[in-house]
Amino acid sequence: MSSSSSSSCKTIVWFRRDLRIDDNPALAAAAKDNGVFPVYIWCPKEEDQFYPGRVSRWWLKQSLAHLEQSLKSLGSELVLIKTHSTLSALLDCINATGATKVVFNHLYDPVSLVRDHNIKEKLAEAGISVQSYNGDLLYEPWEIYDEKGQAFTTFDAYWDKCLNVQMEPVSLLPPWRLLPVEGTIEKCSIEDLGLENETEKASNALLGRAWSPGWGNADKALTEFIEQNLFDHSTSRLKVGGNSTSLLSPYLHFGELSVRKVFQSARMKQLIWTREHNAQGKESVTLFLKAIGLREYSRYLTFNFPFTHERPLLSNLKYFPWNADTNRFKAWRQGRTGYPLVDAGMRELWATGWIHNRIRVIVSSFAVKFLLLPWRWGMKYFWDTLLDADLECDILGWQYISGSLPDGHELERLDSPQIQGAKFDPEGEYVRQWLPELARMPTEWIHHPWDAPLTVLKVAGVELGLNYPKPVIDIDTAREHLREAIFKMWETEAAAKAATSDGMSEEVFDNSDGIETSPIPKVILKEKSSCPTYSSNDQRVPSFQNGNNGSLHRKRAKLVEEKRLPANKPNNHDKQAGTSRGEELCSTAESSTSKRQSISRMSFSVPQSCSSSDGRLLQEYDSSDTKQSMQEKINMEQTSSKNGK
Ligand SMILES: Cc1cc2nc3c(=O)[nH]c(=O)nc-3n(C[C@H](O)[C@H](O)[C@H](O)COP(=O)(O)OP(=O)(O)OC[C@H]3O[C@@H](n4cnc5c(N)ncnc54)[C@H](O)[C@@H]3O)c2cc1C
């Protein structure tokens, strides 16, 4: 291929969260087309409230450096641009190079969906051909529906369907060379992107000891996990300390690893173990693939129900009387709740930017159920502190624990961190590692020091209320408060419904609306696309899916609504799919403008400043979980615990 032919077709490859060479459909397609101009555009302004946290930005910086080197060795360059508008940066690249085409891989979070769609329209108007590809999922969210063409709202049904669909996607080989396109553009160095502040560098350096970002390292991590840890996964995943899970989440989030490759590698092992009648290996792969399925499902839910970053899938929490107590929020964030397992988890999160899924479930449930903190505060805090901060997975996790999903934990379920500690950290090693002040506590008391005799505390050097806090709330009081809150929620909901049926038509928003100050980006989804470059493998926006299926989504929404109990019947246990009875649940999958407007009023913020925790006494509590079997169905804890770090 001559350089003159390359000048006839120049393609801009817009990298985002697909920072790899291997099995990168957009890059592969562009390389076939001749000249490529790879670009990464950093636009903090557009990130807005989802501006990545310190550790996440650290990862991004390392990963970009890695990609830059790889592209260089293939003969091209990664152009880095810092801008106030992604669209204008792309137009600048087009003007500078004379490129006629822009390619990229799909993203599915509500913010990207809207941005990408708008950019696509604008570029098409400017006569630029735009093509987007599936680089992030096994299946596109618009490919999996039930027999009625409706979106699934339970994971098992969704994953079952996925596993029974003919697996089409095959990993693509990396291009063996790239023909660069020349163009003078105002680019910057990785350092100039400003992903890492000077003050952050010292603490970030520690991250480098534990993690090696970059697609080449992702490949190594995958191979190591598949060859050494996958076999034991079904048992090792239950451990909360150590490295028993795959630890692939940051790589998957930044697209340094192709999920197709992960799936295929694990599946190959499963075929071998099945032939060898190796039940443990087979089961381990099934559980691992289920975890991958949860990631797929997270994108599926936010695509089909894009309001979920602001509002629960089930609308019951709309009336929940959240306790916007910034002191408690601070105690939770700082790991000073007085519950050792929760505090250890929060301190590990702060120190390392990563925690095991089971710990994520425990600390998030504590924030919502014990402290009655708005779940979106917790979601945002995780977003700010996780290395693998991923909007869709974060949303799924918080909705799962807060009674917002038909197959997640019930709102009324309250697990005792003491009992969970005995179960998942039986020797107390995890607590000792992260709470040195409790290091000398005997195992018997380590998860409930408030019950320990004074002599034991003294010998262990623990002074409750001084060097380790007393429990921020005792479990019986927490249970009582949760019960009262749920009751109040039902009352308010019933009153709102009565008012509406009286013709008063009062609009009631999520109770956390009033306590939020800094908004999540507003998402206005388009009813229709006029994008002239739309093609069959192209990115869809929610209003496209299934063609004219707005009514189907409305129906599905009603089904979801019905899965929760009528407001005047305080029983949230019927989780079977019901038939539609006409209650309205607005799915923004339909994206009606009016719905969007009302949803956008529900944006929230997380308080920035708080004071210290209040210390109250605590008692142990054994929660009875009437929904254990339901939990086990979609058990994210199992999934994550199998990943048990
Ligand atoms: C409240 C809460 C918030 C969460 N926030 C995030 C987040 O911001 N980013 C994120 O990547 N994960 C999030 N998770 C999901 C899960 O905890 C992590 O993906 C997992 O712990 C990562 O560890 P691993 O790579 O060793 O996972 P493994 O168990 O080895 O699983 C392999 C991959 O499957 C996916 N996966 C596993 N469990 C889940 C799950 N429950 N939901 C979605 N995907 C899953 C991840 O991509 C993971 O890398 C959250 C879970 C909860 C309960």
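Each value, and the rule that gives it
Throughout, a residue's number is its position along its own chain's written sequence, starting from 1. A pLDDT threshold of at least 70 governs which residues receive local features in this predicted model, and a stricter bar of 80 or more applies before side-chain atom pairs are shown or counted, although totals over entire chains, interfaces and linings include all residues. The side-chain values count all of the structure's non-hydrogen atoms but skip hydrogen atoms and water molecules. Only DSSP runs of H or I reaching four residues or more are called helices, and only runs of E reaching two or more are called strands; each is numbered from the N terminus. The buried label applies to any residue whose accessible area, calculated with a 1.4 Å probe on protein chains only, is under 20% of its type's maximum; exposed applies above 50%, and partly exposed to all values in between. The contact rule is simple, with two residues in contact once any of their heavy atoms fall within 4.5 Å. In this description, accessible areas are obtained by the Shrake-Rupley approach with a 1.4 Å probe, and a residue is regarded as covered only by the protein chains that are shown. A pair of strands is considered paired only if DSSP assigns at least 2 bridges between the two. Handedness of a crossover is defined as follows: orient the strands so they point away from the viewer, and if the path from the first strand over the helix to the second runs clockwise, the crossover is right-handed. Put simply, buried Ala, Val, Leu, Ile, Met, Phe, Trp, Tyr and Cys residues joined by side-chain atoms within 4.5 Å make one nonpolar core. Pairing of N or O atoms within 3.5 Å defines a polar contact, subject to two protein rules: one partner must be a possible hydrogen donor and the other a possible acceptor, and residues neighboring in sequence count only if both atoms are side-chain atoms. Here the aromatic set is Phe, Tyr and Trp, taking the six-membered ring for Trp, and pairing holds for ring centres within 6.5 Å; pairs whose planes are under 30 degrees apart are stacked, those over 60 apart are edge-to-face, and all others are tilted. Ring-over charges, as used throughout, are those where CZ of Arg or NZ of Lys falls within 6 Å of the ring centre and within 35 degrees of the ring normal. Here a salt bridge means any side-chain nitrogen of Lys or Arg lying within 4 Å of a carboxyl oxygen belonging to Asp or Glu. Under this scheme, a helix contributes an axis fitted over its contacting stretch, all axes are lines through C-alpha atoms, and angles between N-to-C directions fall in the 0 to 180 degree range. Oblique is the label for any angle not covered by the other classes, which are roughly parallel (under 35 degrees), roughly antiparallel (over 145) and roughly perpendicular (65 to 115). Nonpolar residues are Ala, Val, Leu, Ile, Met, Phe, Trp, Tyr, Cys and Pro. Charged residues are Asp, Glu, Lys and Arg, and all others, Gly as well, are polar. The pLDDT value expresses, per residue, how confident the predictor is, ranging between 0 and 100. When the near helix sits turned anticlockwise from the far one by under a right angle, the crossing is termed left-handed; a clockwise turn instead gives a right-handed crossing.

Broken down by element type, the protein chain carries 27 helices and six strands. Out of the 645 residues in the protein chain, the part that is buried amounts to 61%. The contacts in the protein chain between residues at least 6 apart in sequence include a share of 83% that link residues at least 24 apart. Carbon and sulfur atoms make up 51% of the accessible area of the protein chain, which amounts to about 25,300 Å² in all.

This part takes up the pairing of strand 2 (residues 35-42). Burial within strand 2 is extensive, with eight of its eight residues counted as buried. Going residue by residue along strand 2, you find Gly35, Phe37, Val39 and Ile41 tucked away on one face and Val36, Pro38, Tyr40 and Trp42 tucked away on the opposite face as well. Pairing of strand 1 (residues 10-15) with strand 2 involves six bridges; the strand directions are parallel. The residue of strand 2 that forms the bridge with Val13 is Pro38. Regarding the hand of the β-α-β motif, the stretch spanning strand 1, helix 2 (residues 25-32) and strand 2 is right-handed. With four bridges joining them, strand 2 and strand 3 (residues 79-82) adopt parallel strand pairing.

On to the nonpolar core. Residues Leu64, Phe320 and Trp332 are the most contacted members of the largest nonpolar core, which totals 145 residues. The dominant element in this core, judged by the number of residues it contributes, is helix 13 (residues 279-304), at nine residues. What Trp332 contacts, discounting residues up to four positions off in sequence, is Thr337, Val342, Met346, Val363, Phe366, Ala367, Leu371, Gly378, Tyr381, Phe382 and Trp398. Of all hydrophobic cores here, the second largest spans 20 residues; its members include Ile41, Ala89, Leu90 and Ala99.

On to helix 14 (residues 326-334), then. Residues Arg328, Phe329, Lys330, Ala331, Trp332 and Arg333 constitute the buried set of helix 14. Where helix 14 is buried, its residues touch helix 15 (340-352), helix 16 (357-370), helix 17 (375-385) and helix 18 (391-401). For helix 14, the capping residue at the N-terminal end is Asp325, with a side-chain oxygen 2.8 Å from the backbone nitrogen of Asn327. Following helix 14 by one or two positions, Gly335 adopts a phi angle in the positive range, close to 70°.

Inspection of the entire model under this criterion finds 30 aromatic pairs. Both rings, one in Tyr297 and one in Tyr300, keep their centres 6.2 Å apart while their planes meet at 20°; by these two values the pair is stacked. A residue pair is termed a helical-turn pair when its members lie 3 or 4 positions apart in one helix, as Tyr297 and Tyr300 do in helix 13 at three residues. Here the aromatic residues Tyr145, Phe155, Tyr158, Trp159, Tyr297 and Tyr300 are joined through ring pairs into a cluster of three or more. The ring of Phe329 carries Arg333 above its face, with NZ or CZ at 4.7 Å from the centroid. Positioned above the aromatic ring of Trp354, the side-chain terminus of Arg360 is 5.5 Å from the ring centre.

This paragraph deals with the pattern of salt bridges. Tallying each qualifying case throughout the model produces 23 salt bridges. In this structure, Glu437 and Arg347 form a salt bridge, with 2.9 Å as the shortest nitrogen-oxygen distance. With Glu437 in the loop between helix 20 (429-434) and helix 21 (443-446) and Arg347 in helix 15, this pair connects stretches of sequence that are 90 residues apart. Among the residues examined, Glu437 registers a relative accessible area of 19% and is labelled buried. Residues Lys380 and Asp384 are paired through a salt bridge, measuring 3.2 Å at the closest nitrogen-oxygen approach. Residue Lys380 and its partner Asp384 are located together in helix 17, separated by four residues, close to a single helical turn.

Our next topic: the side chain of Glu200. In this fold, Glu200 is placed in the loop between strand 6 (179-180) and helix 8 (201-210). Relative accessible area serves as the criterion here: at 10%, Glu200 is assigned to the buried category. In this structure the side chain of Glu200 is engaged in a polar contact, spanning 3.1 Å, whose partner is the side chain of Arg57. In this structure, Glu200 is in contact with Arg54, Arg57 and Leu195, ignoring residues within four places of it in sequence.

This next bit is on the packing of helix 16 against helix 19 (residues 417-424). Two quantities define a packed helix pair, namely the angle between the helix axes and the distance between the axes. Relative to each other, helix 16 and helix 19 sit at 175°, their axes nearing to 12 Å. When the axes of helix 16 and helix 19 are compared, the pair comes out roughly antiparallel. Two secondary-structure elements touch here, helix 16 through Arg358, Ile362, Phe366 and Phe370 and helix 19 through Pro417, Gln420 and Phe424. Considering only residue class, the contact of helix 16 with helix 19 consists of five nonpolar, one polar and one charged.

Here we come to the confidence of the model for the protein chain. Summarising the model, the protein chain shows a mean pLDDT of 80, and 76% of its residues fall at 70 or more. Predicted confidence in the protein chain is weakest over helix 25 (residues 593-600), with a mean pLDDT of 28, and strongest over helix 11 (residues 249-253), with 98. Segment residues 505-511: pLDDT under 50, and 24 contacts once partners within four positions in sequence are set aside and those in other chains are kept. Here residues 608-645 scores under 50 on pLDDT; set against residues more than four positions off or in separate chains, the count is 151 contacts.

Quick look at the environment of Arg267 now. Positionally, Arg267 belongs in helix 12 (residues 259-275). Owing to a relative accessible area of 35%, Arg267 belongs among the partly exposed residues under this scheme. In this structure, the C-alpha to C-alpha distance between Arg267 and Val285, residues 18 residues apart in sequence, is 7.1 Å. Leaving out residues up to four positions away in the same chain, Arg267 has contacts with Val285 and Leu289.

All right, on to the packing of helix 9 (residues 215-229) against helix 12 then. As a packed pair, helix 9 and helix 12 sit with axes 10 Å apart at the nearest point and diverge in direction by 20°. Taken together, the axes of helix 9 and helix 12 are roughly parallel relative to one another. Crossing of helix 9 against helix 12: the hand is right-handed. Residues Asp219, Leu222, Ile226 and Glu227 of helix 9 form the contact with helix 12, whose participating residues are Lys261, Val262, Ser265, Ala266 and Lys269. Of the residues contributing to the contact of helix 9 with helix 12, the split by class is four nonpolar, one polar and four charged.

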